[in-house]
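Architecture and fold: a report
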Amino acid sequence: MTFYVQPFPHRHSMPRRWMRMADESIERRLAANVRDEEDAFVLTALVPGLKADDLTINILEEVVSVEGEFPQDENEYLLRELPSGKFSRSLRLPAPVNADKAEAKIADGVLTLRLPKAESARPKKIKIAAK
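Thresholds applied
Residues numbered from 1 in each chain as written. Predicted model: local features only at pLDDT ≥ 70, side-chain atom pairs only at ≥ 80, totals over all residues. Heavy atoms only, no water. Core = buried A, V, L, I, M, F, W, Y, C linked by side-chain atoms within 4.5 Å. Buried < 20%, exposed > 50% of the residue type's maximum accessible area, 1.4 Å probe, protein only. Helix = DSSP H or I, 4+ residues; strand = E, 2+ residues; numbered from the N terminus. Contact = heavy atoms within 4.5 Å. Pairing = 2+ DSSP bridges. Axes fitted to C-alpha atoms, helices over the stretch in contact; angles between N-to-C directions. pLDDT = per-residue confidence, 0-100. Phe/Tyr/Trp six-rings, centres within 6.5 Å; stacked < 30°, edge-to-face > 60°. Lys NZ or Arg CZ within 6 Å of the ring centre and 35° of its normal.

Quick look at the nonpolar core
It is characteristic of soluble globular proteins that their nonpolar side chains tend to be buried jointly. Residues Leu-55, Val-64, Val-66, Phe-87, Leu-113 and Leu-115 are the most contacted members of the largest nonpolar core, which totals 18 residues. When residues of this core are traced back to their parent elements, those giving at least two are β2 (40-46), β4 (63-70), β5 (85-92) and β7 (110-116). When sequence neighbours within four positions are dropped, the list of residues in contact with Leu-113 reads Phe-41, Val-42, Leu-43, Ile-57, Val-64, Val-66, Glu-103 and Ala-104.

Written as structure tokens, this is what we have:
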């Protein structure tokens, strides 16, 4: 099987400076998954090539924000799908979280945030009294 990489026809006739400006104007969003567990939310996001120092994570009540910057280079590519440049993503969770007990780790290009639910947001079991 042969795979040919060709740019879109309209980009071929674009001057390079206009192509660069078009690429810079693209809004970069961090792709993420959020799982709801009984006592916490677990957010995972792909951050290839980034280290812990490259990211800023903020939590305010039920909103978690992740900001960072993927490395940029000035090389010309036939196909460019890997992220580059600054990104920011804010997600509103369905319940407040306990920011003091939040945990974050990066392994193999995947950011994993464990965000424990605030005590007021956790389900409560009520014992029923029978007569």
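Following the structure, the description resumes.
Considerations on the pairing of β2
Within a regular strand, the side chains alternate between the two sheet faces. Burial runs high along β2: five of the seven residues are buried. The pairing of strand β1 (residues 32-36) with β2 spans five bridges and is antiparallel. Directly across from Ala-32, in β2, lies its bridge partner Ala-45. Counting the residues that bridge the hairpin from β1 to β2 gives three residues.

A short note on the sheet that holds β5
Within the open sheet, the three strands sit side by side as β3-β4-β5. Their pairing is antiparallel. Sheet topology places β3 (55-60) and β5 at the edges, where each strand pairs with a single neighbour. Across this sheet, the average inter-strand angle for adjacent strands is 10°, counted without regard to direction. Relative to β4, β3 is paired through six bridges, and the arrangement is antiparallel. Residue Asn-58 lies in a different strand from β4, and its bridge partner there is Ser-65.

Things to note about the confidence of the model for the protein chain
Overall, the prediction assigns the protein chain a mean pLDDT of 81, with 76% of residues at 70 or greater. Below pLDDT 50 for its whole length, residues 17-23 participates in five contacts with residues either more than four positions away or in separate chains.

What to know about the sheet that holds β2
With antiparallel pairing, the four strands of this open sheet are ordered in space as β1-β2-β7-β6. In this open sheet, the two edge strands, each paired with only one partner strand, are β1 and β6 (103-107). Strand-to-strand twist of the sheet, defined as the mean angle between neighbouring strand axes without regard to direction, takes the value 15°. Bridge analysis of β2 against β7 gives seven bridges, and the strand direction is antiparallel. Its bridge partner being in β7, Ala-45 is matched across the sheet by Leu-111.

Notes on the packing of aromatic side chains
Counted according to the given criterion, the structure contains one aromatic pair. Their ring planes at 35° and their centres at 4.9 Å tell us that Phe-70 and Phe-87 sit as a pair that is tilted. In this pair, Phe-70 sits in strand β4 while Phe-87 sits in strand β5, placing the two residues 17 residues apart along the sequence. The burial state of Phe-70 is the same as that of Phe-87; both residues are buried. Across the ring face of Phe-41, the terminal group of Lys-117 is positioned such that the distance to the ring centre comes to 5.0 Å.

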